[in-house]
Amino acid sequence: MLVVFGVLSAPNSSRMGGGRMPRVAVLGASGYAGALAAHLLHRHPRFELTALTSRSDVGRRLDDLYPRYRVPLTMEELDLDRHADGLDAAVVAYPHHAAAPTVAALRERGVKVVDLSADFRLRTLSTYEQWYGAHPAPALLEDAVYGLPELGYRDSIATAQIVANPGCFPTAALLGLQPLARAGLLEDVVIDAKTGVSGAGRAATEDTHFVTVDENVVAYKVGGHRHAPEIDQELAALGARLAPVTFVPHLVPVDQGELITSYVKPSRDVTQAELNALFADAYADEPFVELADKPPGMHDVENTNICRISVHGDRHDGRVIVLAAIDNLWKGTSSQAVQNLNLMFGFPEGEGIS
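Residues numbered from 1 in each chain as written. Predicted model: local features only at pLDDT ≥ 70, side-chain atom pairs only at ≥ 80, totals over all residues. Heavy atoms only, no water.

## Observations regarding the overall build of the chain
For step 1, the next point in the chain: If you tally the helices and strands in the chain, you get twelve helices and 15 strands.
For step 2, the next point in the chain: Its C-alpha atoms give the chain a radius of gyration of 20 Å, within 12% of the compact-globule value 20 Å for 354 residues.
For step 3, the next point in the chain: Across its three principal directions, the C-alpha atoms of the chain cover 60 × 50 × 40 Å.
For step 4, the next point in the chain: Taking all 354 residues of the chain together, the buried fraction comes to 55%.
For step 5, the next point in the chain: Within the chain, residue pairs in contact and separated by at least 24 positions form 71% of the contacts whose partners lie at least 6 positions apart.
For step 6, the next point in the chain: Of the roughly 14500 Å² that the chain leaves accessible, carbon and sulfur atoms contribute 50%.
For step 7, the next point in the chain: Each charge class in the chain can be summarised by its mean position, and for the 30 positive and 44 negative side chains these summaries are 3 Å apart. (Helix = DSSP H or I, 4+ residues; strand = E, 2+ residues; numbered from the N terminus. Rg over C-alpha atoms; globule rule 2.2 N^0.38 Å. Buried < 20%, exposed > 50% of the residue type's maximum accessible area, 1.4 Å probe, protein only. Contact = heavy atoms within 4.5 Å. Areas by Shrake-Rupley, 256 points an atom, 1.4 Å probe, with all protein chains shown as cover. Lys, Arg positive; Asp, Glu negative; His and termini not counted. Charge placed at Lys NZ, Arg CZ, Asp CG, Glu CD.)

## Comments concerning the side chain of Thr 333
For step 1, the next point in the chain: On the secondary structure map, Thr 333 appears in helix H12 (residues 330–344).
For step 2, the next point in the chain: Beyond its immediate sequence surroundings of up to four residues, Thr 333 is in contact with Ala 33, Leu 116, Asn 165 and Asn 328.

## Quick word on the packing of aromatic side chains
For step 1, the next point in the chain: In the structure shown here, the tally under the stated rule is eight aromatic pairs.
For step 2, the next point in the chain: Grouped by ring-pair contacts, the aromatic residues Tyr 32, Tyr 66 and Tyr 69 constitute a single cluster.
For step 3, the next point in the chain: Above the plane of the ring of Phe 345 lies Lys 112, whose end atom (NZ or CZ) is 4.6 Å from the centre. (Phe/Tyr/Trp six-rings, centres within 6.5 Å; stacked < 30°, edge-to-face > 60°. Lys NZ or Arg CZ within 6 Å of the ring centre and 35° of its normal.)

## Examining the nonpolar core
As a rule of thumb, soluble globular proteins bury nonpolar side chains together.
For step 1, the next point in the chain: By size, the foremost hydrophobic cluster in this structure holds 85 residues, and its most contacted members are Leu 235, Ile 309 and Leu 341.
For step 2, the next point in the chain: For this core, the element with the most residues is helix H7 (residues 168–182), which contributes nine residues.
For step 3, the next point in the chain: Those residues in contact with Leu 235 that lie beyond four places of it in its chain are Leu 174, Leu 177, Ala 181, Leu 186, Ala 240 and Val 245.
For step 4, the next point in the chain: Counting residues in each nonpolar core, the second largest holds 24 residues, with Ala 51, Leu 87, Ala 100 and Ala 104 among its members. (Core = buried A, V, L, I, M, F, W, Y, C linked by side-chain atoms within 4.5 Å.)

## Structural notes on the pattern of salt bridges
For step 1, the next point in the chain: Per the counting criterion, the structure on display carries 21 salt bridges.
For step 2, the next point in the chain: Between Lys 331 and Glu 150 there is a salt bridge, with the nearest N and O atoms lying 3.0 Å from each other. Taken together, the residues Lys 331 in helix H12 and Glu 150 in the loop between strand S7 (144–146) and helix H6 (154–158) connect sequence positions 181 residues apart. Here the two residues Lys 331 and Glu 150 agree in accessibility, since each one is buried.
For step 3, the next point in the chain: Of the charged contacts in the structure, one is a salt bridge between Asp 317 and Arg 315, with a shortest N-O distance of 2.9 Å.
For step 4, the next point in the chain: Of the residues examined, Arg 315 reaches a relative accessible area of 35% and is grouped as partly exposed. (Salt bridge = Lys/Arg side-chain N within 4 Å of Asp/Glu carboxyl O.)

## Section: the pairing of strand S3 (residues 48–53)
For step 1, the next point in the chain: Where strand S2 (residues 23–27) and S3 come together, five bridges link them in parallel fashion. Of the residues in S3, the one forming a bridge with Arg 23 is Glu 48.
For step 2, the next point in the chain: Strand direction decides the pairing type here: S3 and strand S4 (residues 75–76), joined by two bridges, are parallel. Paired with Leu 52 across the strands is Met 75, a residue of S4. (Pairing = 2+ DSSP bridges.)

## Some remarks on the environment of Pro 45
For step 1, the next point in the chain: Take Pro 45: it is sitting in the loop between helix H1 (32–42) and S3.
For step 2, the next point in the chain: The class for Pro 45 is partly exposed, based on a relative accessible area of 45%.
For step 3, the next point in the chain: C-alpha of Pro 45 to C-alpha of Met 21: the two residues are 24 residues apart in sequence and 9.1 Å apart in space.
For step 4, the next point in the chain: When residues no more than four places from it in sequence are discounted, the contact partners of Pro 45 are Met 21, Glu 351 and Gly 352.

## Section: the environment of Gly 31
For step 1, the next point in the chain: Along the chain, Gly 31 turns up in the loop between S2 and H1.
For step 2, the next point in the chain: When the C-alpha atoms of Gly 31 and Arg 70 are compared, they prove to be 15 Å apart, with 39 residues separating the residues in sequence.

## As for the packing of H1 against H12
For step 1, the next point in the chain: Axis separation between H1 and H12 bottoms out at 9 Å; the angle between their running directions is 40°. Comparing their axes, H12 and H1 come out oblique. The way H1 lies across H12 gives a crossing that is right-handed. Contact residues: Ala 33, Leu 36, Ala 37, Leu 40 and Leu 41 in H1; Trp 330, Thr 333, Ser 334, Ser 335, Val 338 and Leu 341 in H12.
For step 2, the next point in the chain: In terms of residue class, the contact of H1 with H12 is built from eight nonpolar, three polar and no charged. (Axes fitted to C-alpha atoms, helices over the stretch in contact; angles between N-to-C directions. Parallel < 35°, antiparallel > 145°, perpendicular 65-115°, else oblique. Left-handed = near helix turned anticlockwise from the far one by under 90°. Nonpolar A, V, L, I, M, F, W, Y, C, P; charged D, E, K, R; others polar.)

So, to be careful, I would describe these as geometric facts and stop short of saying anything about function.
Have a look at this one:
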């Protein structure tokens, strides 16, 4: 069974008042996520990429730092009074804690924001503080919308002023588990996650010696990864009533890509035919989800906004195995940010990323 669905579209104009396209900036463009977002927006037919900022590469052109992206703009030091003038939206590609004050300042100037950090993903302040420390802009938490359209947030994203782009691990894990959660079938979940080295970010990968990742697989943050409470939060929102998931990520020696394997103890016996019908119904109208019989691999979705899912039941141990593959830099981060921007401005959802 291979199910591939078409791209959603919504009739709209790419022009705003005054006959111009929405102007967008990428703040933090020298990192992997920011650079790819800049590339996608630079070639986007409905947005005008007007500015790139960086704290580490001021004065350098992005096509010098990342030649493959062909973005001939010079990265500047952020000056909100100048860069936010006439700006309609921004992608903020900063780490947690650094992002929130900038998001707050952009909102004061009426700029819509897609934030790639974790600063607005968790709904409750106490949960955020447990995992990240004091929040720099707690008053904005209730204004943020979780940016995973396929989880039922599409309409909310369309009217949002702040969209919290999900983490890459939660994106794949939640898309794989959503049909089971909505059906009340989750009793216990163990998630094994594998990601390419780009998931660690530019600074981390530049500091990582080749021999530590080549021909090696390493588990990390075994005691508790910050994406775990994000997964728990969204599964609960889908109606799941279960203990916190067991989540263990692994670094594998590939550039980019991500594979999630979820081991599910279902609340009752479920057949393969029922699972197939459940997933087909859940994703019948989703343009960026593919369902397949055989387990997906990272190369299947490389440089796409696609999540490819395979579900397997009828096992001797009674468990259901769900595998979900995404490109951690695309659907896991930057192309999903553009998907959210499209929704925020009423453009065809797959514009610039299909």
